[in-house]
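Inside the fold
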Amino acid sequence: MTASLPLFSPDAPEEGATGAPSGHEPQGLLRGLNPEQLAAVTLPAKSALILAGAGSGKTRVLTTRIAWLIQTGQLTPGGVMAVTFTNKAAKEMLTRLGAMLPVPVRGMWVGTFHGLCNRFLRAHWKLANLPQGFQILDSSDQLSAVKRIIKAMNLDDERFVPKQVTWFIAGSKEEGLRPKDVDVRDEQSRVMVQVYQAYEEQCQREGVVDFAELMLRTYELLRDNVALREHYQRRFRHILVDEFQDTNRLQYAWLKMFTGPQTAVMAVGDDDQSIYAFRGAQVGNMTAFEREFGVEQVIKLERNYRSYGNILDAANELISHNTNRLGKNLSTEAGPGEPVRVFEATSDFSEAQWFVDEARQLHRDGMARSDIALLYRSNAQSRVIESALFNAGMPYKVYGGLRFFERAEVKHALSYLRLIENPNDDTSFLRVVNFPTRGIGTRTLELLQDAARASGRSLSQSVTAVPGKGGSNLQAFVALIDAMREATKGLNLRQIIEHMLHESGLLDFYKTDKEGQDRIENLEELVNAAEAFVTQEGFGKDAVALPIDEHAGAIAEGLPKAVASVDLTPDAETGEIMSPLAAFLTHASLEAGDNQAQAGQDAIQLMTVHSAKGLEFDAVFITGLEEGLFPHENSVSDVDGLEEERRLMYVAITRARKRLYLSFSQTRMLHGQTRYNIKSRFFDELPESALRWLTPRNQGFGSGFAREYQSAWAKGSGLGSIVGAGNVAPRNAPASGPVTKSSHGLRVGQSVFHTRFGEGVLVTLEGTGDDARAQVNFGRHGMKWLALSVAKLTPIE
DNA sequence: AGACCTAGTATTTTT
DNA sequence: TACTAGGTCT
């Protein structure tokens with residue numbers, strides 16, 4: 001790492017990433033944890049709530065806890081479930097666990113809510129009343145499915161806007177409501193429920209499930225099947241949930257289904273970072289959890305290892321304006337650092353120009369472009385910035401565009417593959433039946449859909465019912481798909497895809513298309529993705545997406561006979577429970593992939609505040625801090641909305657490690673009109689002492705200061721390094737060597753009983769004979785050092 | 001089938 | 001402004 005300016009001193013150890021793996025012995029794992037982290041990691045096996053502030057090492061706590069429990073023999077890998085929201089977070093956990101544990105992460109249920117549901121339903125497809133190779137609809141598939149229904153039911157799509165209907169369906173499912181459970185108030189909702197009902201029937205007929213269905217099916221199956229529920233409750237001794245503040249009602253209820261009397265659930269979250277209420281997240285789940293899971297003590301992780309003091313002061317002060325918080329204050333030992341810089345621009349254009357200049361300077365002074373991030377409230381704001389960066393010739397990367405598996409050509413290819421796997425997938429059928437064109441027009445398709453509806457069969461099964469030219473074209477299409485299915489039998493995944501790309505005519509189509517080159521590249525990339533998925537490495541690394549439980553057999557064994565054996569029906573020939581193609585298709589729906597493949601480039605990062613959550617950068621620019629934009633005008637009318645905007649701002653601020661810039665503009669082009677804005681109210685909620693205005697305050701309009709902003713590089717700010725702020729080893733890591741067993745017959749990880757403090761877990765053992773001491777985590781009573789010659793510790797089994 | 005035109009609409013988003 | 005969906009015309 002290079003460093004010239006003090007500002008660019010070697011990075012503080014990132015949360016959990018300190019140095020080499022600490023050796024595969026229990027106490028080594030705990031080295032470098034601060035007291036609160038240590039307490040959380042070694043908590044007795046009871047449900048616990050961890051309030052983890054931004055940058056407080058939450059992922060480290062989560063992974064270390066799992067590793068520690070396993071290494072001390074309190075838990076087997078098969079007894080763990082760790083749930084996250086994103087594939088990225090799940091992968092991160094697996095990677096870290098892999099580094100910490102000598103044993104591979106086999107059999108551990110680490111994944112996203114949806115990924116784990118998929119895994120569960122694959123194992124119990126029969127009980128869940130699903131076809132064995134059921135496929136998953138992504139949001140756009142779902143939308144087109146709803147559109148078809150609205151059309152079929154002859155409804156006015158202005159009264160029943162497909163997108164809104166989609167929300168209604170997903171929303172109902174997330175409340176755990178089937179069509180029969182939904183409250184019907186008026187005509188509108190009555191019809192909505194009918195659409196919901198029809199949608200369900202259609203999905204069931206086609207053998208597909210949407211995201212919410214994955215959750216709901218799993219929940220219902222566990223709720224209704226006592227034997228199965230008890231089996232899983234016994235199996236998972238420890239369940240850990242990341243980003244708990246983002247869970248919705250269904251996810252909470254789902255979690256309860258997995259939780260038995262012996263299950264310890266550790267919920268980790270931060271109410272101040274709850275920014276997804278708009279899509280159903282219930283922050284209230286945190287307090288509900290505390291109450292309903294009998295949490296005895298809440299551990300707060302408030303030590304921040306990411307940012308300098310001024311940045312944290314700004315964050316703390318801002319968020320203190322919210323009510324109904326669980327209460328938390330971030331602190332650092334890194335010193336105040338530089339002030340937060342504030343810039344007022346005359347126009348969005350000059351704001352962009354200022355940013356480009358500033359970023360260029362940072363880069364010249366040694367900061368990697370990828371360590372510089374520009375955040376905005378809404379995607380539309382990126383445009384001006386992009387054009388400024390483009391003109392300046394600075395590489396940048398915008399997050400949030402189309403993801404790989406969502407690109408049109410990729411979706412087309414996937415539709416062909418799905419049809420090979422399941423000809424009754426009408427969504428896929430309609431997507432590609434006339435792409436490339438095969439003389440199958442709207443009229444023909446109407447006839448086909450009518451016929452299918454009348455007979456209750458799939459489109460593919462109904463092609464013979466359509467007369468004339470259209471009918472024979474349809475039959476030719478079905479024959480094409482059938483031929484592909486035949487021809488690809490026994491081929492590997494790569495060969496299947498290549499065959500399909502040629503036979504479908506997709507490749508030829510894009511070859512003649514003038515802008516087809518990129519698309520062909522994407523299709524080649526699809527082949528690569530499949531290859532990567534299949535290879536040993538891909539399967540191993542990608543265990544998140546691995547649809548089949550490696551221990552499916554083991555599950556079956558442990559289950560009561562009545563529910564077990566029927567569910568895992570391997571292919572008679574190959575013995576596979578699921579074909580590689582089906583597995584790959586599942587992977588494609590569950591993980592949309594990166595949004596831009598241009599990896600390797602050192603580029604400035606542009607994204608919304610929402611997508612910045614969980615990330616961190618040396619320098620962060622929060623732009624467009626204007627009333628109406630941030631906070632957004634649609635949110636300011638009610639208190640809840642405003643508080644969520646404030647949390648959003650809090651998330652944005654806490655992304656910054658070393659330097660934070662806030663900017664706003666007097667005017668801005670929005671929807672083709674110039675808007676005159678006043679600065680965000682959030683400026684009034686920041687501590688003046690932590691700010692430095694780069695432009696004069698209370699600047700009136702039109703005073704034309706154009707570019708006379710003072711360079712942010714005003715004289716060396718003489719910062720010390722942030723080194724030392726890292727997870728400095730507290731006193732719990734004695735050099736006396738790993739003592740895991742002693743003459744007392746106690747070992748680390750063991751549960752013990754103390755007459756005064758009750759039940760606890762042994763965290764450290766050191767010294768011998770009369771000198772022997774033990775560190776014990778008594779949960780509610782805290783962490784204690786006890787002299788073994790005095791304290792009476794009784795081992796519990 | 002495909003080019004062309006018009007009107008309507010514009011937070012935040014993962015799975 | 002800039003995109004989409006949908007309609008109409010060739």
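Residues numbered from 1 in each chain as written. Chains lettered and ligands numbered in written order. Predicted model: local features only at pLDDT ≥ 70, side-chain atom pairs only at ≥ 80, totals over all residues. Heavy atoms only, no water.

Here we look at the overall build of chain A
- Along the backbone of chain A there are 28 helices and 21 strands.
- The buried share of chain A, taken over its 797 residues, is 56%.
- Contacts in chain A between residues at least 24 apart in sequence constitute 77% of all its contacts with a sequence separation of at least 6.
- Looking at chain A as shown, the accessible area adds up to about 33600 Å², and 50% of this sits on carbon and sulfur atoms. (Helix = DSSP H or I, 4+ residues; strand = E, 2+ residues; numbered from the N terminus. Buried < 20%, exposed > 50% of the residue type's maximum accessible area, 1.4 Å probe, protein only. Contact = heavy atoms within 4.5 Å. Areas by Shrake-Rupley, 256 points an atom, 1.4 Å probe, with all protein chains shown as cover.)

With respect to a negative patch on the surface
- Negative charge collects at one region of the surface, where Glu515, Asp518, Glu521, Glu524 and Glu525 lie side by side.
- Mapping Glu515 onto the fold places it in the loop between helix H21 (506–512) and helix H22 (516–534).
- On the basis of relative accessible area, Glu515 is assigned to the exposed category, the value being 61%. (Patch = residues over 30% accessible without salt bridge, like charges linked within 9 Å, V, L, I, M, F, W, Y side chains within 5 Å. Salt bridge = Lys/Arg side-chain N within 4 Å of Asp/Glu carboxyl O. Lys, Arg positive; Asp, Glu negative; His and termini not counted. Charge placed at Lys NZ, Arg CZ, Asp CG, Glu CD.)

Side note on the protein's contact with DNA strand B
- Taken together, 27 residues sit near DNA strand B, with Asn87, Arg377, Asn379, Thr608 and Ser635 positioned nearest.
- What you see for DNA strand B is that sugar and phosphate hold 51% of its atoms within 4 Å of the protein.
- A distance of 3.4 Å separates a base oxygen of DNA strand B from a polar side-chain atom of His114.
- Here the residues of the surface near DNA strand B are counted per class, giving six nonpolar, 17 polar and four charged. (Near = heavy atom within 4 Å. Polar contact = N/O pair within 3.5 Å; in protein donor to acceptor, adjacent residues only side chain to side chain. Nonpolar A, V, L, I, M, F, W, Y, C, P; charged D, E, K, R; others polar.)

A few points about the packing of helix H20 (residues 493–503) against H22
- At a minimum axis separation of 9 Å, H20 and H22 run at an interaxial angle of 160°. By the angle between their directions, the pair H20 and H22 is classed as roughly antiparallel. Here H20 runs over H22; the crossing is right-handed. From H20, Leu493, Arg494, Ile497, Glu498 and Leu501 reach across to H22, where they touch Leu523, Leu526, Val527, Ala530, Glu531, Phe533 and Val534.
- Of the residues belonging to the contact of H20 with H22, the class tally is nine nonpolar, no polar and three charged. (Axes fitted to C-alpha atoms, helices over the stretch in contact; angles between N-to-C directions. Parallel < 35°, antiparallel > 145°, perpendicular 65-115°, else oblique. Left-handed = near helix turned anticlockwise from the far one by under 90°.)

Description of the packing of aromatic side chains
- The tally for this structure, following the rule as stated, stands at 33 aromatic pairs.
- When the ring of Phe757 is compared with that of Phe778, the centres are 5.1 Å apart and the planes differ by 45°; the resulting orientation is tilted. Of this pair, Phe757 sits in the loop between strand S17 (751–754) and strand S18 (758–766) while Phe778 sits in the loop between strand S19 (773–777) and strand S20 (783–787), and the two are 21 residues apart along the sequence.
- Residue classification places Phe757 among the buried positions, given a relative accessible area of 15%.
- Here Phe778 falls in the buried class, since its relative accessible area comes to 3%. (Phe/Tyr/Trp six-rings, centres within 6.5 Å; stacked < 30°, edge-to-face > 60°.)

What to know about the sheet that holds strand S3 (residues 109–112)
- Read from one edge to the other, the open sheet built from six strands follows the order S3-S2-S6-S7-S1-S8, with strand pairing classed as parallel. With partners counted over all chains shown, the strands left at the sheet margins are S3 and strand S8 (298–301), one partner each. Within the sheet, the average angular offset between the axes of one strand and its neighbour, ignoring direction, is 15°.
- Seen against the sheet, helix H5 (residues 113–123) touches strand S2 (80–84), S3 and strand S6 (238–241) and runs at an angle of roughly 125° to S3.
- Against the sheet, helix H12 (residues 284–292) engages strand S1 (48–52), strand S7 (264–269) and S8, with an angle of about 150° to S1. (Pairing = 2+ DSSP bridges.)

Regarding the UniProt feature "binding site: ATP" (unreviewed entry) in chain A
- Under the local residue numbering, the UniProt record ascribes the feature "binding site: ATP" (unreviewed entry) to Ala52, Gly53, Ala54, Gly55, Ser56, Gly57, Lys58 and Thr59.
- Relative to the assigned elements, Gly53 resides in the loop between S1 and helix H3 (58–71).
- Relative accessible area serves as the criterion here: at 4%, Gly53 is assigned to the buried category.
- Apart from the residues within four sequence positions on either side, Gly53 is in contact with Asp270, Gln273, Leu301, Lys328 and Leu330.
- Position of Ser56 among the secondary structure elements: in the loop between S1 and H3.
- Given a relative accessible area of 1%, Ser56 falls into the buried group. (UniProt positions renumbered as here; feature names shortened; annotations may be inferred.)

So, the state of the cysteines
- The final tally for this structure, using the stated rule, is zero disulfides.
- Cys203 provides the cysteine sulfur closest to Cys117, a residue in no disulfide bond, and the two sulfurs are 16 Å apart. (Disulfide = S-S within 2.5 Å.)

Regarding the side chain of Gln251
- Its place among the elements puts Gln251 in helix H11 (residues 249–258).
- What makes Gln251 buried here is its relative accessible area of 6%.
- Setting aside chain neighbours within four positions, we find Gln251 in contact with Phe85, Phe113, His114, Met215 and Asp246.

Quick word on the sheet that holds strand S21 (residues 793–795)
- Strand order in the open sheet made by the five strands is S20-S19-S18-S17-S21, with antiparallel pairing throughout. Among the strands making up the open sheet, the edge pair consists of S20 and S21. Across the sheet, the mean angle separating the axes of adjacent strands is 45° when strand polarity is ignored.
- One ladder, built from five bridges, connects S19 with S20; its direction is antiparallel. In the sheet register, Gln775 faces S20, and the bridge partner there is Trp785.

A word on the protein's contact with DNA strand C
- Taken together, the neighbourhood of DNA strand C is formed by Arg383, His671 and Gly672.
- In the interface set of DNA strand C, defined as its atoms within 4 Å of the protein, sugar plus phosphate atoms amount to 30%.
- Separating a phosphate oxygen of DNA strand C from a side-chain N or O atom of Arg383 is a distance of 3.5 Å.

What to know about the nonpolar core
- Within the largest apolar cluster, 47 residues are counted, with the highest numbers of intra-cluster contacts made by Phe429, Phe477, Ile497 and Met500.
- Counting only elements with at least two residues in this core, the list comes to helix H16 (408–421), helix H17 (426–432), helix H18 (442–455), helix H19 (468–487), H20, H21, H22 and helix H26 (580–590).
- Among the elements that make up this core, the one with the highest residue count is H16 (seven residues).
- Those residues in contact with Phe429 that lie beyond four places of it in its chain are Leu419, Leu448, Leu459, Ser460, Val463, Leu474, Phe477 and Val478.
- Judged by nonpolar contacts, the second largest core, of 42 residues, contains Ala128, Phe244, Trp254 and Ala288. (Core = buried A, V, L, I, M, F, W, Y, C linked by side-chain atoms within 4.5 Å.)

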